[in-house]
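Examining the three-dimensional arrangement
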Amino acid sequence: MTLEAAGFWGLAPVLLASSLAVVLSKNLFHSVLYLALALVATAGVFLLLQAEFLAAVQVLLYAGGVITIVVFAIVVTERLVGERLAQTNRGVINGGLISLAVLIWIVVFIAGAQLPRTAPPPPGDLTQAIGRDLLTRFVLPFELLAVLFLAGLLGALFFARKEE
Amino acid sequence: MGLQPYLILAACLFAIGLFGVLTRRNAIGILLGIELMLNAVNINLVAFARYAADPAGLIFTLFTISITVAEVALGLAIVILIFRVRLTVEADHLDLLKG
Amino acid sequence: MINAGTLALAALGLPFGSFVLLAVIPPLRRAGRAAGALSIAATGGSLLASLILWRGLPGQPVELQWSWLPAESGPMASVGVLVDPLAAKMLVLVALVSFLVQLYSLGYLEQETAPALGRYFAYHSLFAFSMIGLVLASNFLQMFIFWELVGLCSYLLIGFWYDKPEAARAAVKAFWVTKAGDLGFIIGIVLLWGQAGTFNFIELFAMASGKTLPAAGLGLIMFLIYLGAVGKSAQFPLHVWLPDAMEGPTPVSALIHAATMVAAGVYLVSRVYPLFLLTPDVLALIAWVGAFTALLAATLGLVQADIKRVLAYSTVSQLGYMMAALGAGAAAAGFFHLLTHGLFKALLFLGAGAVIHAVGTNDIWQMGRLGRAMPQTAIVFLVGTLALAGIWPLAGFFSKDAVLAGVWEGGLTVPFLMLAVTVFLTAFYMFRVVFVVFFGSGHAEGHPHDAPLVMTVPLWILAILTVGAGIRLAVGGDEGAHSPGWVPWLSSALAVAGIAGAWLTYQRGTVSADALVRAFRPLYFAAVKKFWLDDLYGAIYRGVFLGVSWGVGWVDRYLVDGVVNLASAWTLRWGDRLRQIQTGRAQDYLYGVALGLLLVIVWSYWR
């Protein structure tokens, strides 16, 4: 068993368990914490796939940014509603059946596909490649992303302003 | 170690996220489910990039993460706004489009 | 000597020019009396032209033609004027009466507002143009166009006081009833064109005399054309509109509904008499209907209390005379009666108008002893009445004799008897009016006096013409038919008997009017009810037209609307059901997305 395999089998149960906790936990705050765990585990998976830069971005943006925002949101709404935000699931059987069906069919699809059994050797410094490609091959989407962020910024301002 | 386990892991994560999106009553809970589904996609992208030895997948992932962050920020802003106006974040109560 | 065609065109064009000027220059029309002056001047010019035309008429008919409606094989129709003795005499009558009536109207309608007066004279100019055009028409198509134009003028002038509901109703009634006849007229014209290939009178007469006109279906064609005359000349059973037409101003009644337009039917039959001669059956029908109309209208005239309605029924009755004469083969006599009747009936109407103008009512029982207050009017009215009754030596005597003699010689004994009875009745009901209005014991409101000069001058002119024409005939006697010697005696005796009867009943009171009513109770009752003809038409209208419209309405409301409503109801119902799919909850839509994803996966797997 290679180090990669050991890491994968160690991380996968954590990832799946925390994900399940995210969608099943009654306490919204706990859900968020489990989400943070899941995101960190995902960063671990990225590390296994030798995408160190992405793992760092994942931890910084998600675990740092998204989780903070969500916690803020929860706190704000809880303060407005004046009670703990309990959350429950509904239509569990329907949702479960659909999700399961989707999972089964994706798995069946994957099982029927011709997939590489071994990874090729890493092509050198991936972080450097990302940086180069981002400003050459993908410069247009990169700029469009900037426009999207601007729109998001304006939208956030619009929502946040006081009612007149 | 082949590509298959990663893809199956991502599929499971995706299904769990979907389940969360379909069943959560709370709008914030739904957003968390969406995060899980996007994570599954990211895992797929990174895995494909690794096995195809092409950094394009990594860049896509980068984009996805960035967009997701923006989406979460705006989504939560909308949720808070809805809460202010309607005093609820229960998705069931948000049925202005009911026919 | 000016060309006859030019004169005819001048007579036709002057009133038209006047009408166009009045129609397109509103300030002129709204000026009222100035509009009247223009219209009168134009009609006076027409009168002058027609008099010159009549006196200097060449022996041959004058025809001017312009092609119209071009077609591959020569023009399909043409417009033009045709002047022959018949048209010339009619033209003079029309222009003369139009002129006098317009002059008279200046006085009669002096209380109208200026715009209304302008409108009135604009219509009058249009009428003069249309009537002259009808008289001068050289073909059926042109005649029909002018025929409808005079109908339109009649409608407009009956409804001159359109804010009066009865007048508006009467105008519509006159229009519809005459249209019923005109429908037959135009069908007849079209059928005739199909047979002969031309509308032109001269060509048709040539074909008729040359026996080249196809005889098949000619009886039906001539009957249909006669239907137009029935409507216009108020023959039974389409006479019902004429008494109601009296809602219009009295000068209009004198011009259109006594002297000219209603005589257009008689003129039509005279005009195409050579064609009618080919269909003796239709002629016999014309005679019988005419005689019956004369008798029927005379009985109706007996019971009317409205002076204008008495005259209206008298007009219907006299038109019956003319038609009877035409039907019996005495075309000249019928047309002769048309001319004399046009003079003295216009006189009577204008006289009645003067009385109404003075008293302010149409009801003869609210008049009385007007002979002393209005001596001039009384004299001219008496002249007209004597002429209508047929007393020697006035114009009516000769024309009526000619008619009676013509009918007798036509071998139509029963119509002759009807007409003879009508002579008696005519004298009776006319003198009933004279005695009640001018000499009776009743008392009129206010202080009636003779009309102003502008009204009396036309009256005197007509009276002098009535007397003068009679005297000229008594001396010359060239126009009357050569009748059996006893006919004038018979008709005079009957007329005198009628006058005497009216004198005894309404002046001396020797015979009680109530006793007469009792003696003829059923007849009296029926006559008061106008022989239920109006009611019958009303019932037919309600039964047929309202029934049909009810049925159509039902189909529209329940079948057509039903289909539409059903379709919309189903749309609504299914829309309502489909609406339930839209829950408005985001997660339900996500189920749709998930199912769609599943479908895509499965499809791409099995592909």
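The preceding data block contains the structure.
For the structure given in this document, a descriptive report is provided here. (Residues numbered from 1 in each chain as written. Chains lettered and ligands numbered in written order. Predicted model: local features only at pLDDT ≥ 70, side-chain atom pairs only at ≥ 80, totals over all residues. Heavy atoms only, no water.)

**Focus: the overall build of chain C**
Broken down by element type, chain C carries 26 helices and two strands. Per-residue burial over chain C gives 54% buried out of 607 residues. Of all intrachain contacts in chain C linking residues separated by at least 6 positions in sequence, the fraction that spans at least 24 positions is 80%. Carbon together with sulfur atoms contributes 69% to the accessible area of chain C, which is approximately 25200 Å² in total. (Helix = DSSP H or I, 4+ residues; strand = E, 2+ residues; numbered from the N terminus. Buried < 20%, exposed > 50% of the residue type's maximum accessible area, 1.4 Å probe, protein only. Contact = heavy atoms within 4.5 Å. Areas by Shrake-Rupley, 256 points an atom, 1.4 Å probe, with all protein chains shown as cover.)

**Concerning the overall build of chain A**
When helices and strands are tallied, chain A shows six helices and zero strands. The helix and strand sequence of chain A, counted from the amino end, reads α-α-α-α-α-α. Taken over 164 residues, chain A has a buried fraction of 36%. Restricting to contacts in chain A with at least 6 residues of sequence separation, those with at least 24 account for 55%. When the accessible surface of chain A is totalled, it reaches about 9500 Å², and 72% of it is carbon and sulfur.

**Overview of the interface of chain C and chain A**
Each partner contributes residues to the interface: chain C has twelve residues there, and chain A has eleven residues. Surface buried jointly by chain C and chain A totals about 1000 Å² across both partners, of which 78% is contributed by carbon and sulfur atoms. Here chain C is connected to chain A by zero salt bridges. Here chain C is connected to chain A by one residue pair in polar contact (both at pLDDT 80 or more). (Buried area = accessible area lost by both parts, 1.4 Å probe. Salt bridge = Lys/Arg side-chain N within 4 Å of Asp/Glu carboxyl O. Polar contact = N/O pair within 3.5 Å; in protein donor to acceptor, adjacent residues only side chain to side chain.)

**As for the packing of aromatic side chains**
Counted under the stated rule, the structure contains 24 aromatic pairs over all chains. Judged by centre distance (4.9 Å) and plane angle (70°), the rings of F8 of chain A and Y6 of chain B are edge-to-face. Taken as a pair, F8 of chain A in helix α1 (residues 3-24) and Y6 of chain B in helix α1 (residues 4-23) lie in two separate chains rather than in one. Classification of F8 of chain A by relative accessible area gives buried; the value is 3%. Judged by its relative accessible area of 0%, Y6 of chain B is buried. Between F129 of chain C and F146 of chain C the ring centres are 5.3 Å apart and the planes differ by 75°, which places this aromatic pair in the edge-to-face class. Of this pair, F129 of chain C sits in helix α5 (residues 114-136) while F146 of chain C sits in helix α6 (residues 140-158), and the two are 17 residues apart along the sequence. (Phe/Tyr/Trp six-rings, centres within 6.5 Å; stacked < 30°, edge-to-face > 60°.)

**Observations concerning helix α4 (residues 85-108) of chain C**
With 24 residues, α4 of chain C should cover 34 Å at 1.5 Å per step; its first-to-last C-alpha distance of 34 Å lies within 8% of that length. The buried fraction of α4 of chain C amounts to 21 of the 24 residues, a majority that puts the element mostly inside the structure. (Expected span 1.5 Å × (residues − 1).)

**Comments concerning unusual backbone geometry**
P237 of chain C follows F236 of chain C through a cis peptide bond whose omega is 5°. Positioned with a positive phi, Q50 of chain A is a non-glycine residue whose angle comes to about 60°. As for its position among the elements, Q50 of chain A is in the loop between α2 (28-48) and α3 (52-81). Residue class for Q50 of chain A comes out partly exposed when judged on its relative accessible area of 27%. Phi angles above zero are rare outside glycine, and A53 of chain B is one such case at about 55°.

**Comments concerning empty space enclosed by the protein**
Across all of its chains, the model carries two cavities of 30 Å³ or more by this definition. Each pocket or cavity is described by its volume, and for the largest cavity that value is around 70 Å³. Along the walls of the largest cavity sit 13 residues, with P123 and L126 of chain A together with A49, R50 and L58 of chain B positioned nearest its centre. With three residues, the single largest contributor to the lining of the largest cavity is helix α2 (residues 27-52) of chain B. By residue class, the composition of the lining of the largest cavity is ten nonpolar, one polar and two charged. (1 Å grid on protein atoms, 1.4 Å probe; cavity = no way out; pocket = protein on both sides within 12 Å on 5 of 7 lines; lining within 4 Å. Points joined across faces, edges and corners; volume = space filled by probe spheres on them. Nonpolar A, V, L, I, M, F, W, Y, C, P; charged D, E, K, R; others polar.)

**Things to note about the interface of chain A and chain B**
With 83 residues of chain A in contact, the opposing surface of chain B contributes 64 residues. Taking both partners together, chain A and chain B bury about 6800 Å²; carbon and sulfur atoms supply 78% of that area. A per-residue breakdown of the area chain A buries against chain B is headed by L49, R90 and F159 of chain A, which together make up 11% of the total. Across the pair R137 of chain A and D54 of chain B runs a salt bridge, and its minimum N-O distance is 3.7 Å. Linking chain A to chain B there are ten residue pairs in polar contact (both at pLDDT 80 or more). Broken down by secondary-structure element, the contributors of at least two residues to the side of chain A that touches chain B are α1, α2, α3, α4 (92-112), α5 (126-135) and α6 (139-160) of chain A. With 15 residues, α3 of chain A is the single largest residue contributor to the side of chain A that touches chain B.

**A few points about the pattern of salt bridges**
For the coordinates displayed, the defined rule picks out nine salt bridges over all chains. Put simply, R579 of chain C and D576 of chain C hold a salt bridge, and the shortest N to O gap is 3.1 Å. Taken together, the residues R579 of chain C and D576 of chain C, both in helix α25 (residues 533-579) and three residues apart, mark about one turn of the helix. Residue classification places D576 of chain C among the partly exposed positions, given a relative accessible area of 39%. Salt bridges here are not isolated pairs; linked through shared partners, they connect D133 and R137 of chain A together with D54 of chain B.

**Topic: the layout of surface pockets**
All names here are of chain C. By volume, the largest pocket is sized at about 910 Å³. Around the largest pocket sit 23 residues that line it, and K173, W176, V177, Y537 and Y541 are the ones nearest its centre. Sort the elements by how many residues they give to the lining of the largest pocket and helix α7 (residues 165-196) lands first, with nine residues.

**Section: helix α3 (residues 33-55) of chain C**
In a regular helix each residue adds 1.5 Å, so 23 residues correspond to 33 Å; α3 of chain C covers 32 Å between its end C-alpha atoms and thus fits that length. Close packing links the buried residues of α3 of chain C with α1 (4-24), α2 (26-30), β2 (77-83), α4 and α5 of chain C.

**Remarks on the side chain of H239 of chain C**
Residue and element names in this part refer to chain C. In this fold, H239 is placed in the loop between α9 (218-232) and α10 (241-244). Exposure remark for H239: the relative accessible area of 3% places this residue in the buried category. In this structure H239 touches A234, L296, L300, V316 and L533, once residues within four positions along its chain are discounted.

**Comments concerning the packing of helix α19 (residues 395-409) of chain C against helix α20 (residues 413-439) of chain C**
Residue and element names in this part refer to chain C. Running from amino to carboxyl end, α19 crosses α20 at an angle of 160°, the nearest separation of the two axes being 8 Å. As the angle between them shows, α19 and α20 are arranged roughly antiparallel. Each of K400, L404, V407 and W408 in α19 lies in contact with α20, whose residues at this interface are T413, P415, F416, L419, A420, V423 and T426. Tallied by class, the residues present in the contact of α19 with α20 amount to eight nonpolar, two polar and one charged. (Axes fitted to C-alpha atoms, helices over the stretch in contact; angles between N-to-C directions. Parallel < 35°, antiparallel > 145°, perpendicular 65-115°, else oblique.)

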